[in-house]
Amino acid sequence: MNAAYTTPTIERDPFAEARAQLDTMERHLRSPATLQLGHQELEAYLRREGRELQRLLMQGHGDLRGERAVRLVEVRGYVLEARGPLIEVSHPEQIEVLR
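Cut-offs applied
Residues numbered from 1 in each chain as written. Predicted model: local features only at pLDDT ≥ 70, side-chain atom pairs only at ≥ 80, totals over all residues. Heavy atoms only, no water. Helix = DSSP H or I, 4+ residues; strand = E, 2+ residues; numbered from the N terminus. Buried < 20%, exposed > 50% of the residue type's maximum accessible area, 1.4 Å probe, protein only. Contact = heavy atoms within 4.5 Å. Areas by Shrake-Rupley, 256 points an atom, 1.4 Å probe, with all protein chains shown as cover. Expected span 1.5 Å × (residues − 1). Arc of directions from axis to C-beta. Salt bridge = Lys/Arg side-chain N within 4 Å of Asp/Glu carboxyl O. Polar contact = N/O pair within 3.5 Å; in protein donor to acceptor, adjacent residues only side chain to side chain. Core = buried A, V, L, I, M, F, W, Y, C linked by side-chain atoms within 4.5 Å.

Trainee: For the overall build of the protein chain, give the residues involved together with the corresponding values.
Mentor: Across its full length, the protein chain holds 3 helices and 5 strands. Listing each helix as α and each strand as β along the protein chain from the N terminus yields β-α-α-α-β-β-β-β. For the protein chain, the residues scored as buried account for 17% of the 99 residues in total. Considering only contacts in the protein chain between residues 6 or more positions apart, those separated by 24 or more positions represent 61%. Roughly 8,000 Å² of accessible area belongs to the protein chain as shown, and the carbon and sulfur atoms make up 57% of that amount.

Okay, structure coming up:
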């Protein structure tokens, strides 16, 4: 008999890399060398590194969506009635992630 259920996911901070990028940018902007930059150089830095920050934020958001998504799996095995329905799985091949 086949049964479908959701699997738990491991929680992690999907925005950790974006936060690190922002911290790096802030340190750079506070540095004495950066305080000496002209307006054009500063804009170029912010455009380049800001684009990377946006990319990391989008990646973090996508990761968060993926972690929170409901996953449907198919399990092939015997249904036992020990304190409620129970599927005994003895081989990884018996479990398939459908989406």
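Trainee: Before we move on, can you summarise helix α1 (residues 16-30) with the specific residues and values?
Mentor: Relative to the 21 Å expected for 15 residues at 1.5 Å per residue, α1 spans 21 Å between its end C-alpha atoms, a close match to the ideal helical length. Three or more residues of α1 are buried, namely Ala18, Gln21 and Met25. Buried residues of α1, seen end-on, are gathered within an arc of 60° and therefore sit on one face of the element. Along α1, the residues that are exposed and aim more than 90 degrees away from the buried face are Arg27 and Arg30. Looking at the buried side of α1, the elements it contacts are α3 (39-68).

Trainee: Tell me about the pattern of salt bridges, residues and numbers included.
Mentor: Applying the stated rule across the entire model yields 6 salt bridges. One salt bridge in this structure joins Glu49 and Arg48, with 3.2 Å as the shortest N-O distance.

Trainee: So what's going on with the environment of Ser31? Which residues, and what values?
Mentor: Tracing the sequence through the fold places Ser31 in the loop between α1 and α2 (32-35). A polar contact is formed between the side chain of Ser31 and the backbone oxygen of His28, at a distance of 2.8 Å. A distance of 2.8 Å separates a polar atom in the side chain of Ser31 from a polar atom in the side chain of Thr34.

Trainee: Explain the nonpolar core residue by residue, including any values.
Mentor: Generally speaking, nonpolar side chains in soluble globular proteins are found buried as a group. Formed by Ala18, Met25, Tyr45, Leu53 and Leu56, the largest nonpolar core amounts to 5 residues. Of all elements in the fold, only α1 and α3 reach the threshold of two or more residues within this core. For this core, the element with the most residues is α3, which contributes 3 residues. Setting aside chain neighbours within four positions, we find Tyr45 in contact with Thr24, Met25, His28, Leu29 and Gly50.

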